[in-house]
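Below are the chains, spelled out letter by letter.
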Amino acid sequence: MTSPAAGADSVPHLPDYAPIPRSALGPALNEQGYHVGRVERNLYYVTDGVYQSAFLTTADGVVLFDAPPSIGGNLRRAVDEIAAANGVSNKVTHLVYSHHHADHGSAASLFDGDVVRIGHEETRRLLLRDEDPARPLPEITFADRYTLEVGGERVELAWHGPNHTPDNIYIHFPDHDTLMFIDVVNAGWVPIYNLNLSEDVIGYMGAPAIALSYPWTHLISGHLGRLATRDDVAIHQQYIADIEASAKEALAAVNPVPFYIAGGENAWAGVKAHLDAVTERAAAPIIAKYTGVLAAADIEVFTTTTTFQIMQSWRLDRGHSGPVHP
Ligand SMILES: [Zn+2]
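Residues numbered from 1 in each chain as written. Predicted model: local features only at pLDDT ≥ 70, side-chain atom pairs only at ≥ 80, totals over all residues. Heavy atoms only, no water.

Asks: Whenever I open this one, the side chain of Ser198 confuses me. Can you help?
Replies: With respect to the helices and strands, Ser198 occurs in the loop between helix 4 (193-197) and helix 5 (201-212). In this structure the side chain of Ser198 is engaged in a polar contact, spanning 3.2 Å, whose partner is the side chain of His164. Within polar-contact distance, the side chain of Ser198 engages the backbone oxygen of Leu195 at 2.6 Å. Contact partners of Ser198, with chain neighbours within four places excluded, come to Asn163, His164, Asp183 and Tyr204. (Helix = DSSP H or I, 4+ residues; strand = E, 2+ residues; numbered from the N terminus. Polar contact = N/O pair within 3.5 Å; in protein donor to acceptor, adjacent residues only side chain to side chain. Contact = heavy atoms within 4.5 Å.)

Quick look at the structure:
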């Protein structure tokens, strides 16, 4: 994101995109630039309109889930505001990392001292690798499941395989009718580039069904202003399924040979022309179908890069890379 402090004379001119449906937007932000909302009972989420974090107030202190740097010091303000209003402790005693990415975790260093940090064992390994002092290592790690019990509250953490990242976990609040699962589904919006910058295409495509296998009404998805619903997940699944079907059709329909002939000895020119033609053919109907349905569907590069990744996964993971030479 660009700095909001940039002068007005440096604001670039953007294309005239389709208006954002009101239903894709979250609540208005306060003067400090955040909104803190009750999810259920003593579970709250905090947003700056782009990123989301969550916290649970308990009899023994506050459990924080993710610490996006864009919300930063407003996490402390949000916790203080809610704790004061409810007459409970504002001391953050635990911090859970959803995954290792800095854009969801690097305000963790604002909550050091006695805080117990919890994350997947792969999160710890990746944070060791990345050597970012803003994301202190989790002291408690787990491989498949971990039940966090604090002040009479229970949170179930689970890892079901790689998706957006190798370490991205499902955070279930069974007593709050809520799931927190970050960077896969955006409520009412298309994923940004490359399936929301995801590393495992097959894992990313299968993750929403795993999310739906949990009982919940509210999904904290990590981005934008509002909570997600089960219907948001279903629309996202349909968008991805439509891309997959369209990519398969285009891959089968576009003959690569003329592109390779045209490329001549520049084999990569032929590859580019062929794959671009497949991507274009596959993405165009998706962009048309979802413009006005999912916010930012008309930012075409998001859907074309996601289509490209899914088409490549169909070739490389699923094995449809063409016939074996006789
Ligand atoms: Zn991420």
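Asks: Quick question: what am I supposed to make of the coordination of the zinc ion here?
Replies: Four donors placed tetrahedrally around a metal ideally meet at 109.5 degrees, and six donors placed octahedrally ideally meet at 90 or 180 degrees. Donor atoms from the polypeptide that bind the zinc ion are His99 (NE2), His101 (ND1), His164 (NE2) and Asp183 (OD), placed at 2.1 to 2.2 Å. Between the 4 donor atoms coordinating the zinc ion, the angles at the centre fall across 90 to 168°, so the site counts as irregular. Coordination of the zinc ion draws on donor residues from a single chain, spaced H-x1-H-x62-H-x18-D in sequence. In this pair, His99 is assigned in the loop between strand 5 (92-96) and helix 2 (102-105) and His164 in the loop between strand 9 (153-158) and strand 10 (170-173), connecting sequence segments 65 residues apart. What makes His99 buried here is its relative accessible area of 0%. Residue His164 is classed as buried on the basis of its relative accessible area of 1%. (Donors = N, O, S within 2.8 Å, 3.2 Å for Na, K, Ca; no water. Tetrahedral: all angles 85-135°; square planar, octahedral: opposite > 155°, others 65-115°. Buried < 20%, exposed > 50% of the residue type's maximum accessible area, 1.4 Å probe, protein only.)

Asks: Would you explain the pattern of salt bridges in this entry?
Replies: Pairing of side chains with opposite charge becomes possible as their charged atoms draw close. Taken as a whole and assessed by the stated rule, the structure comprises 13 salt bridges. One salt bridge connects Arg76 with Asp80, and the closest N-O pair in it is separated by 3.1 Å. Of the two residues, Arg76 and Asp80 both sit in helix 1 (residues 73-86), 4 residues apart, roughly one turn of that helix. Given a relative accessible area of 29%, Arg76 falls into the partly exposed group. In this structure, Arg226 engages Asp232 in a salt bridge whose closest nitrogen and oxygen atoms are separated by 2.7 Å. Residues joined in a network through salt bridges with shared partners are Arg154, Glu156 and Asp175. (Salt bridge = Lys/Arg side-chain N within 4 Å of Asp/Glu carboxyl O.)

Asks: Help me understand the nonpolar core, please; the structure alone is not making it clear to me.
Replies: Side chains that are nonpolar tend, in soluble globular proteins, to be buried together. Ranked by size, the top nonpolar core spans 33 residues in total, and within it Tyr170, Leu179, Phe181, Val190, Leu219 and Tyr239 carry the most contacts. Setting aside residues no more than four positions away along its own chain, Phe181 makes contact with Asn163, Asn168, Ile169, Tyr170, Ala207, Ala211, Leu219, Ile220 and Ser221. Among the nonpolar cores identified, the runner-up in size contains 22 residues, and Tyr51, Ile82, Tyr97 and Ala108 belong to it. (Core = buried A, V, L, I, M, F, W, Y, C linked by side-chain atoms within 4.5 Å.)

Asks: When you look at the sheet that holds strand 6 (residues 116-120) in this model, what are you seeing that I'm missing?
Replies: What holds strands together in a sheet is hydrogen bonding between their backbones, with the strands either parallel or antiparallel. If you trace the 7 strands from one edge of the open sheet to the other, you get 1-2-3-4-5-6-7, paired in mixed fashion. Looking at which strands have only one partner, the edges of the open sheet turn out to be strand 1 (35-40) and strand 7 (140-142). Between one strand axis and the next, the sheet turns through 20° on average, direction left out of account. In this structure, strand 4 (residues 61-65) lies alongside strand 5, joined through 4 bridges in parallel fashion. In the sheet register, Phe65 faces strand 5, and the bridge partner there is Val96. (Pairing = 2+ DSSP bridges. Axes fitted to C-alpha atoms, helices over the stretch in contact; angles between N-to-C directions.)

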